[in-house]
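# An overview of the molecular structure
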Amino acid sequence: MPLVTTKKMFQMAYKNGYAIGAFNVNNMEITQGIVDAVAEEKTPLILQISKGARQYAKMSYLKAIIDVAVRENPDIPIAIHLDHGDSVELCKQCVDDGFTSVMIDASHLPFEQNVEMTRQVVEYAHKHGVVVEAELGQLGGIEEHVKGVDDVSKHLTDPEQAVKFVKLTGCDSLAVAVGTSHGAYKFKAEPRLAYEVIEQIRKLLPGFPLVLHGASSVLKEFKDLINKYGGKMPDAMGVPEEAIAKAVKMGICKVNIDTDLRMALTAKIRQVFAEKPSEFDPRKYLGPGREAIKELVRHKLHVLGCAGKAAECL
Ligand code: G3H
Ligand code: 13P
Ligand code: ZN
């Protein structure tokens, strides 16, 4: 099975009420931890690469690692996706590099400019058989917007506008702003998601795949380890997993996770360094980090409901 686009994955996810996990990769250990987990759980997978990851690891290295993962797992559908593409040129480059899916994130621009940039990416990508994720609305915790300048609904995705946007651009999936945000500090108070926005968009765009960014949960286990072994993340707070599972049931087809992977790796490395200060073999701390990522991803696949769904997505 070669790399696949997300088309069939999203169709099945939508129809059967689960979501595909989209995990960020930056190096070999992270990729292996994720791929080992999906191989064991027989799960469809989206591996995503940000502009920063491309620069850090060098695209050619990351792509080669992913190609091996694809070759070694013929029964697992794997898509390779550009996360948060910030220009038409970068998206085109990724299409040329063999990505099967790209995201153009022009959500910070006025509606018309977002439409125009997205349209240009769609035109090029579709010509090459690549699918496009776009974004509408501004990510950010709801209470953060409440305290800010203006009212919350301005930042969340406007359902009517989403319909227009999808029609005008021809994008294949849409990242929506419903109260999540990137990173480890998503909420200062009670986490709250705007489920009604997901519900309205689903009603207006039946069958259309929606994407949830900023979906890490900041798991207590890793936060505690980091804080215990010299880290300082006391106020870190993520989206509770029950909230993610609820959003998935309402029509979210792709769930983006990066922070939780970073925290798992960091926690394990800190633990090894603290418990064995004389250790200096990278395999002795990256190995436990990779294992922690694997177990974390296995757990996430069950939260998303996609464990065991590889075959139906092929
Ligand atoms: O949403 C952003 C992802 O976590 C990627 O982050 O741009 O630091 O690689 P990055
Ligand atoms: P987290 O920071 O919550 O993991 O979100 C990752 C993400 O949205 C990548 O696009
Ligand atoms: Zn994101």
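In case you missed it, the structure is sitting above this.
In what follows, the accompanying structure is described. (Residues numbered from 1 in each chain as written. Chains lettered and ligands numbered in written order. Predicted model: local features only at pLDDT ≥ 70, side-chain atom pairs only at ≥ 80, totals over all residues. Heavy atoms only, no water.)

Glancing now at the overall build of the chain. Counting its secondary structure elements, the chain contains 13 helices and eight strands. Relative to the compact-globule value of 20 Å for 314 residues, the chain shows a C-alpha radius of gyration of 19 Å, a close match. Split into buried and exposed, the 314 residues of the chain put 59% on the buried side. Sequence-distant contacts in the chain: of pairs separated by 6 or more residues, those separated by 24 or more amount to 77%. When the accessible surface of the chain is split by element, carbon and sulfur atoms take 54% of a total near 13,700 Å². Of note, the chain has its 39 positive side-chain charges centred 2 Å away from the centre of its 41 negative side-chain charges. (Helix = DSSP H or I, 4+ residues; strand = E, 2+ residues; numbered from the N terminus. Rg over C-alpha atoms; globule rule 2.2 N^0.38 Å. Buried < 20%, exposed > 50% of the residue type's maximum accessible area, 1.4 Å probe, protein only. Contact = heavy atoms within 4.5 Å. Areas by Shrake-Rupley, 256 points an atom, 1.4 Å probe, with all protein chains shown as cover. Lys, Arg positive; Asp, Glu negative; His and termini not counted. Charge placed at Lys NZ, Arg CZ, Asp CG, Glu CD.)

Now for the nonpolar core. Within soluble globular proteins, side chains that are nonpolar tend to cluster in buried spots. If you look at the biggest cluster of nonpolar residues, it comprises 111 residues, and the most contacted ones within it are Ile34, Ile49, Val102, Leu174, Phe222 and Val255. With residues up to four places along the chain from it excluded, the contact list for Val255 reads Ala19, Ile20, Gly21, Ala22, Leu212, Ala215, Ile244, Val248 and Leu304. (Core = buried A, V, L, I, M, F, W, Y, C linked by side-chain atoms within 4.5 Å.)

What follows deals with the site of ligand 2. The immediate surroundings of ligand 2 are formed by 15 residues, with Asp83, Lys186, Ser216, Asp258 and Thr259 found nearest. Between ligand 2 and Ser216 there is a distance of 2.6 Å, counted from an oxygen atom to a side-chain nitrogen or oxygen. Burial of ligand 2 by the surrounding chains reaches 96%, relative to a free accessible area of 310 Å². Counting residues per element, the ones that place at least two in the shell around ligand 2 are strand E3 (78–85) and strand E8 (252–257). (Near = heavy atom within 4 Å. Polar contact = N/O pair within 3.5 Å; in protein donor to acceptor, adjacent residues only side chain to side chain.)

Turning to the packing of helix H2 (residues 28–41) against helix H13 (residues 282–304), a few remarks are in order. The geometry of H2 relative to H13 is characterised by a closest axis approach of 8 Å and an angle of 40° between their N-to-C directions. When the interaxial angle is binned, H2 and H13 end up oblique. Classified by chirality, the crossing of H13 by H2 is right-handed. Contacts between H2 and H13 pair Glu29, Ile30, Gln32, Gly33, Ile34, Asp36, Ala37, Val38, Glu40 and Glu41 from the former with Leu286, Arg290, Ile293, Lys294, Val297, Arg298, Leu301 and His302 from the latter. Of the residues contributing to the contact of H2 with H13, the split by class is eight nonpolar, three polar and seven charged. (Axes fitted to C-alpha atoms, helices over the stretch in contact; angles between N-to-C directions. Parallel < 35°, antiparallel > 145°, perpendicular 65-115°, else oblique. Left-handed = near helix turned anticlockwise from the far one by under 90°. Nonpolar A, V, L, I, M, F, W, Y, C, P; charged D, E, K, R; others polar.)

Let's shift gears to the pattern of salt bridges. Enumeration according to the criterion identifies 18 salt bridges in this entry. Taken together, the salt bridges that share partners define one network made up of Glu40, Glu41, Lys294, Glu295 and Arg298. (Salt bridge = Lys/Arg side-chain N within 4 Å of Asp/Glu carboxyl O.)

Around ligand 1, the structure places Asn24, Ser50, Asp83, His84, His182, Asp258 and Arg262. Note that an oxygen atom of ligand 1 is positioned 2.6 Å from one of the side-chain N or O atoms of Ser50. Here an oxygen atom of ligand 1 and a side-chain polar atom of Arg262 are 3.1 Å apart. Per-class residue counts for the shell around ligand 1 are no nonpolar, four polar and three charged.

Taken in spatial order, the eight strands of this closed barrel run E1-E2-E3-E4-E5-E6-E7-E8, and their pairing is parallel. With direction set aside, neighbouring strand axes in the sheet form an average angle of 25°. The strands touched by helix H6 (residues 111–127) within the sheet are strand E4 (101–104) and strand E5 (131–136), with E5 carrying the most contacts at an inclination of about 170°. (Pairing = 2+ DSSP bridges.)

Tracing the sequence through the fold places Lys63 in helix H4 (residues 59–72). Once you skip the residues sitting within four places of it in the chain, Lys63 turns out to touch Leu3, Ile80, Asp97 and Gly98.

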